[in-house]
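Here is how the chains run, residue by residue.
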Amino acid sequence: MALKLYNTLTREKEDFSPIDPKNVRMYVCGPTVYDFAHIGNARPVIVFDLLFRLLRHTYGAQAVTYVRNVTDVDDKINARAARDFPGLALNDAIREVTSTTEAQFQADVTALGTLAPTVQPRATEHIAEMIALIEKLIASGHAYAAEGHVLFDVPSMPDYGRLSKRPLDDMIAGARVDVAPYKRGEMDFVLWKPSADDEPGWQSPWGRGRPGWHIECSAMSWKHLGEVFDIHGGGIDLLFPHHENEVAQSRCAFGHDVMANVWMHNGFLQVEGEKMSKSLGNFLTINQLLADWPGEVLRFTMMKTHYRQPIDWTVKSLEESWKTLDDWYWFVGDTPGTKPAKAVVEALADDLATPKMIAELHALRNAAQRNGGEGARDALAGSLRFLGFLADTPDAWAARRKTSVSVDVEQVEALIAARLSARKHKNWAESDRIRDELAGLGVVLKDAKDPASGEMKTTWEVKR
Ligand code: AMP
Ligand code: ZN
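Right, let's walk through the structure included here.

Judged by side-chain charge, Glu 272, Asp 312, Glu 410 and Glu 413 come together as a negatively charged surface patch. Topologically, Glu 410 is positioned in helix α15 (residues 409-424). Among the residues examined, Glu 410 registers a relative accessible area of 68% and is labelled exposed.

As structure tokens, this is what we get:
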């Protein structure tokens, strides 16, 4: 079966052909561990888990190496450590932040039904490889040391920009954010920078310092996958400058035409039609969502949109996903199926066409219903297991409804408005009826007079 993948490098959907079918190699940029992962971060995790499963199915479970790194050295980590653990020495505080955040990330993504990647290298454990790479770049004339820094010399690479295909002006504007006297070219970027005594640092030929972010991925992919590998993935926001700079470093260090043959990027996630951000108050961590929704509901919701499209994350979509999974759990029961249906695998093999794949799952469900056929039921069960679902028993799944409450915010607000209006008209019976209806949904109301306006205000919370 031919596997087709859209390649950002060529802007085309191509037949995938691994360098070595006995060892198919994929690298995906992982989290910077300083805070809870949000639901946007879950998107590449789920998308490339699906691809990992498909590659294992196609080439054999032992024939795929999937590397997803952990970035545990970064200035955002240092800032968080200083803020949250002011009483500790910075190094201890950093370890506290990175180890708890990494453990939380692993717990979150496991709950999303993902397989562990083959290797999850930490940046701080690959400093020697980073230094070796930087030395190669200096020796070949692609990097220079200046004032304790080492910079990549962008004009030394004639086809810099080939991956992201950005106009030169854009790239210059993007690079201008850190103008520095030691930079020779406007677009040159940092490979290594000096550390103050109280900052994390490692001895290097250029003094005590720490790596830039881009060199970390070049070093870790080299160590675990070699100089050239098959697939490199991540979110579309990483295309420039991060991936462009990874390509520059790895190609110039090793002298190959490409770093990875196929580059894949997932689209961005937004929440209820808006960009997710802390200031808008719509920032959703995986951890928070898992308090209200089973991990498999989050996983399925992510698959309803093709990975290259933007996804709008809504409560409505989550509710529909839960209903669909309820039906499938109930219908499949304890059917033992372990093999995915051919149509499901074929949909996935077409550049991870998950909407098509879901239509095939519904078709299996309907076919089994019509014919009473065990074959289709078995294929549905096998497909769902292959895709990372059905980790619960049917009973355990059904029990989740009872222990977890999810509410439709719009519906609750509409009922509260109707109740306020009933109270204004002194229709106490209707007001009580609505309060009881809300209680049935797990919503508890609190009435209070707004001291400023003297008007009645109702606040509500969900009681678990
Ligand atoms: P970061 O920790 O910000 O480097 O992000 C880790 C991964 O999550 C990267 O592959 C990002 O591209 C991806 N990512 C971050 N935010 C979003 C988002 N809103 N939608 C989709 N992917 C995202
Ligand atoms: Zn990376």
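Surveying the vicinity of ligand 1 reveals 13 residues, the closest of which are Gly 40, Asn 41, Gly 235, Asp 237 and Leu 269. Between ligand 1 and the protein, one listed contact pairs a nitrogen atom with a backbone N or O atom of Gly 40 at 3.1 Å. Residue Asp 237 places a side-chain N or O atom 2.4 Å away from an oxygen atom belonging to ligand 1. Of all the secondary structure elements, the ones that give two or more residues to the shell around ligand 1 are α1 (39-59) and β9 (229-235). Classifying every residue of the shell around ligand 1 by side-chain character gives four nonpolar, eight polar and one charged.

Bringing the coordination of the zinc ion (ligand 2) into the picture now. Coordination of the zinc ion (ligand 2) by the protein involves Cys 29 (SG), Cys 217 (SG), His 242 (NE2) and Glu 246 (OE), with metal-donor separations of 2.1 to 2.3 Å. Here the zinc ion (ligand 2) binds four donor atoms, and the angle range of 79 to 128° at the metal identifies the geometry as irregular. Spacing between the donor residues of the zinc ion (ligand 2) along their common chain follows C-x187-C-x24-H-x3-E. One end of the pair, Cys 217, is in helix α6 (residues 213-225); the other, Glu 246, is in helix α7 (residues 239-254), with 29 residues separating them in the sequence. Accessibility expressed as a relative area gives 1% for Cys 217, which makes it buried.

Let's shift gears to the nonpolar core. Ranked by internal contacts, the top residues of the largest apolar core, which has 71 residues, are Met 26, Leu 51, Leu 55, Ile 231, Met 264, Trp 313 and Leu 387. No fewer than three residues from each of domain 1 (16-269) and domain 2 (312-395) sit in this core. In this view, Leu 51 contacts Leu 5, Met 26, Ile 231, Met 264 and Leu 352; residues no more than four positions away in its chain are not counted. With 46 residues, the next largest nonpolar core counts Phe 152, Met 187, Trp 192 and Val 247 among its residues.

Counted residue by residue, β9 has seven buried out of seven residues, so it is predominantly covered. Sheet analysis places strand β3 (residues 24-28) next to β9, joined by three bridges and oriented parallel. Its bridge partner being in β9, Tyr 27 is matched across the sheet by His 232. Of the pairings in the sheet, the one linking β9 to strand β10 (residues 260-266) comprises six bridges and is parallel in character. Across the sheet, Ile 231 pairs through a bridge with Val 262, a residue of β10.

Procedures and definitions
Residues numbered from 1 in each chain as written. Chains lettered and ligands numbered in written order. Predicted model: local features only at pLDDT ≥ 70, side-chain atom pairs only at ≥ 80, totals over all residues. Heavy atoms only, no water. Patch = residues over 30% accessible without salt bridge, like charges linked within 9 Å, V, L, I, M, F, W, Y side chains within 5 Å. Areas by Shrake-Rupley, 256 points an atom, 1.4 Å probe, with all protein chains shown as cover. Salt bridge = Lys/Arg side-chain N within 4 Å of Asp/Glu carboxyl O. Lys, Arg positive; Asp, Glu negative; His and termini not counted. Charge placed at Lys NZ, Arg CZ, Asp CG, Glu CD. Helix = DSSP H or I, 4+ residues; strand = E, 2+ residues; numbered from the N terminus. Buried < 20%, exposed > 50% of the residue type's maximum accessible area, 1.4 Å probe, protein only. Near = heavy atom within 4 Å. Polar contact = N/O pair within 3.5 Å; in protein donor to acceptor, adjacent residues only side chain to side chain. Nonpolar A, V, L, I, M, F, W, Y, C, P; charged D, E, K, R; others polar. Donors = N, O, S within 2.8 Å, 3.2 Å for Na, K, Ca; no water. Tetrahedral: all angles 85-135°; square planar, octahedral: opposite > 155°, others 65-115°. Core = buried A, V, L, I, M, F, W, Y, C linked by side-chain atoms within 4.5 Å. Domains from an automatic or database assignment. Contact = heavy atoms within 4.5 Å. Pairing = 2+ DSSP bridges.

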